[in-house]
Amino acid sequence: MAHAVLISLALLALSVLLVGLLSAARQLAFVWRAKRVPGRVVSEWRYRRYGRSMRYYRIEFTLATGQLVDLRSAVAIASSSPPALEQVVPVLLVEQAGQGPKAKIGTWPELWLSSCLLLALGSIGLLSVTFAAGFFVIMPA
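What counts as what
- Residues numbered from 1 in each chain as written.
- Predicted model: local features only at pLDDT ≥ 70, side-chain atom pairs only at ≥ 80, totals over all residues.
- Heavy atoms only, no water.
- Patch = residues over 30% accessible without salt bridge, like charges linked within 9 Å, V, L, I, M, F, W, Y side chains within 5 Å.
- Areas by Shrake-Rupley, 256 points an atom, 1.4 Å probe, with all protein chains shown as cover.
- Salt bridge = Lys/Arg side-chain N within 4 Å of Asp/Glu carboxyl O.
- Helix = DSSP H or I, 4+ residues; strand = E, 2+ residues; numbered from the N terminus.
- Buried < 20%, exposed > 50% of the residue type's maximum accessible area, 1.4 Å probe, protein only.

### Side note on a nonpolar patch on the surface
At step 1: On the surface, M1, V5, L9 and L12 cluster together into a nonpolar patch covering about 440 Å² of accessible area.
At step 2: Mapped onto the secondary structure, V5 falls in helix α1 (residues 2-33).
At step 3: Under the relative-accessibility criterion, V5 is labelled partly exposed at 39%.

### A word on the pattern of salt bridges
Pairing of side chains with opposite charge becomes possible as their charged atoms draw close.
At step 1: Applying the stated criterion across every chain, the model contains four salt bridges.
At step 2: A salt bridge links E86 to R40; its shortest N-O distance comes to 2.6 Å. Taken together, the residues E86 in the loop between β3 (68-72) and β4 (88-94) and R40 in strand β1 (residues 35-49) connect sequence positions 46 residues apart.
At step 3: Take R40: its relative accessible area is 29%, and that puts it in the partly exposed class.
At step 4: Residue R58 pairs with D70 through a salt bridge whose shortest N-O separation is 2.7 Å. Of the two residues, R58 is situated in strand β2 (residues 52-62) and D70 in strand β3; the sequence distance between them amounts to 12 residues.
At step 5: For R58, a relative accessible area of 31% gives the class partly exposed.
At step 6: One network of salt bridges, with partners in common, ties together R40, E60 and E86.

So this is what it looks like as structure tokens:
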């Protein structure tokens, strides 16, 4: 029974680690293809969560065609020095003919937070299962 649980947990941790690797690879490919354009913070949405002040931002930037586009941050930021309204922030932009533009705010949390969390959870899970499996080999049930 314990072996089946360990195998299931190992497969789960391995799949989370694999998803983290794929996510990081996709982000890296996006960053390599993207060009950096200036964006301007036009609004923010504040709320409190677990006693912390969190913020989402809406960033406005211009495409190569001259069209003005806005983008909402994907990650809520809880920092002591958030960007102010009208502040210029980096935006990574990929424009391909025949497809809509893809853009992300060029900050560490926006680009890498989800990949790092998945990699950390998968690694910790895999190490924990490996440790537990080694424990069962040393102390058989």
